[in-house]
Amino acid sequence: MSKSDSPIKLEGLSKPRGKRWDHLELLERIDTSGSISAAATAMGMSYKAAWQAVESINNLSREAVVIRQPGGSTGGGTCLTDYGRRMVATYRQLEQVWAAVPASIGRTMDDFNQYYSMSRRFDMQTSARNQFLGTVRSVTKGAVNAEVILDIGRDEELAAIITNDSADHLGLEVGSEAYALVKAQWIILTVEENMKTSARNRLTGTVVRCQEGAVNAEVVIELPGGKTVASVITNESVKTLGLKEGVRASALIKASHIILAVAN
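A few points on the structure. (Residues numbered from 1 in each chain as written. Predicted model: local features only at pLDDT ≥ 70, side-chain atom pairs only at ≥ 80, totals over all residues. Heavy atoms only, no water.)

## Observations regarding the overall build of the protein
Here is the rule: Comment: elements are numbered from the N terminus, with helices defined as DSSP H or I runs of at least four residues and strands as E runs of at least two. Burial here depends on accessible area, computed with a 1.4 Å probe over protein chains only, as a share of the maximum for the residue type. Under 20% is buried, over 50% is exposed, and the range in between is partly exposed. Contacts are residue-level and defined by heavy atoms, with any inter-residue pair within 4.5 Å sufficient. Residue-level accessible areas treat just the shown protein chains as cover; the underlying method is Shrake-Rupley with a 1.4 Å probe.
Looking only at helices and strands, the protein features seven helices and 12 strands. When burial is assessed residue by residue, the protein has 40% of its 264 residues classed as buried. Within the protein, residue pairs in contact and separated by at least 24 positions form 60% of the contacts whose partners lie at least 6 positions apart. Total accessible area computed for the protein in this model is approximately 14400 Å², and 51% of it derives from carbon and sulfur atoms.

Okay, here's the thing in structure tokens:
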């Protein structure tokens, strides 16, 4: 398995911490049942949380892990791709090997547990709803800031504006991997194909989920290739734009609203 697939964390997967679910188990149950709803129910997980987990996994993988199947007499469903099945099998094997590592080191290092627990605190967690793994295509520096173009696959790219110091600190260079993090509240939606805006980034796809709450709604757009982008807008905006499943829409993202991160 390539380094690019490492974002699906091994730590804590086999035993959820708090509300951290076992995403590998979710994938296995989806593959068995052919249904995200059935897999979520079996795990005591909400349907929304299951979909968010699947969308996050797809966004952080070079290839689609879970895909939708066209509706038919059974109404369609979801399944793992061959790539997804191989990924899950590989990680399960790695889990078995990894489980024996602490005990093995502990036999030769009396205070291993103390320092191992400390190192676990550095595992990155983020509240950003949208996370994309990509490859740096270019880094253009100005007097203070740098424009970083990130290739996230399928001819889609994101442009981010960060300081030159941040670009140097992250070690960003052409060909290196980086993560683009975008909060759902920072994304503007439009159904106008030719509307001109100052937003540097435009991701266009099809609305696959629109869940309204008391005031706001979460709208999820699926891009070509299976990646998704989620936005939180008002219920009134949903009605004004006529957003619903199947509608073509674009997500507009300012370059300054994209946070870049790299793996240690």
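## A few points about the nonpolar core
To keep things clear, this is the line we draw: Here, nonpolar core refers to any group of buried Ala, Val, Leu, Ile, Met, Phe, Trp, Tyr and Cys residues whose side-chain atoms link them within 4.5 Å.
The biggest cluster of nonpolar side chains holds 32 residues, and the ones touching the most others in it are Leu 158, Leu 189, Leu 243, Ile 258 and Leu 260. Put simply, the parts of the chain that give this core at least two residues each are strand S3 (130–141), strand S4 (145–153), strand S5 (156–163), strand S6 (177–182), strand S8 (201–212), strand S9 (216–222), strand S10 (228–234) and strand S11 (248–253). In terms of residue count, S4 provides more of this core than any other element does, four residues in total. Excluding anything up to four places from it in sequence, Leu 158 contacts Phe 132, Val 148, Ile 149, Leu 150, Ile 152, Ala 180, Asn 201, Leu 203, Ile 253 and Ile 258. Counting residues in hydrophobic clusters, the runner-up holds 20 residues, among them Val 65, Val 66, Leu 80 and Met 87.

## Description of the environment of Arg 29
Its place among the elements puts Arg 29 in helix H1 (residues 23–33). We classify Arg 29 as partly exposed; its relative accessible area is 32%. Considering only alpha carbons, one finds Arg 29 and Cys 79, 50 residues apart in sequence, at a separation of 9.6 Å. Residues contacting Arg 29, with those up to four places away along its chain left out, are Gly 34, Ala 39, Ala 42 and Met 43.

## What to know about helix H2 (residues 36–43)
Note the following rule: Starting at the helix axis, one direction is taken to each C-beta atom, and the arc is that of these directions. Side-chain atoms alone can form a polar contact between residues adjacent in sequence; in general such a contact is a pair of N or O atoms within 3.5 Å, and within protein one must be able to donate a hydrogen while the other accepts it.
When H2 is considered as a whole, its buried residues turn out to be Ile 36, Ala 39, Ala 40 and Met 43. The buried side chains of H2 occupy one side of the element, clustering within an arc of 95 degrees when seen end-on. Elements in contact with the buried residues of H2: H1, helix H3 (47–59) and strand S2 (77–80). You can read the cap of H2 off the contacts: a side-chain oxygen lies 3.3 Å from the backbone nitrogen of Ser 37, and it is on Ser 35. Phi for Gly 44, located one or two positions after H2, is positive at around 70 degrees.

## Describing the sheet that holds S11
We apply this condition: Here a strand pair is declared whenever DSSP counts at least two bridges between the two strands. Axis definition: a line fit to C-alpha positions, over the contact stretch in the case of helices; interaxial angles, taken between N-to-C directions, run 0 to 180 degrees.
Reading across the sheet, the five strands line up as S7-S11-S8-S9-S10 and stay open at both edges, with antiparallel pairing between neighbours. Every other strand in the sheet has two partners, leaving strand S7 (188–190) and S10 as the edge strands with one partner each. On average, each strand axis in the sheet is tilted by 45 degrees relative to the strand beside it, whichever way the strands run. Two elements, S8 and S9, share six bridges in a ladder whose sense is antiparallel. Residue pairing for S9: Gln 211 is matched across the bridge by Glu 218.

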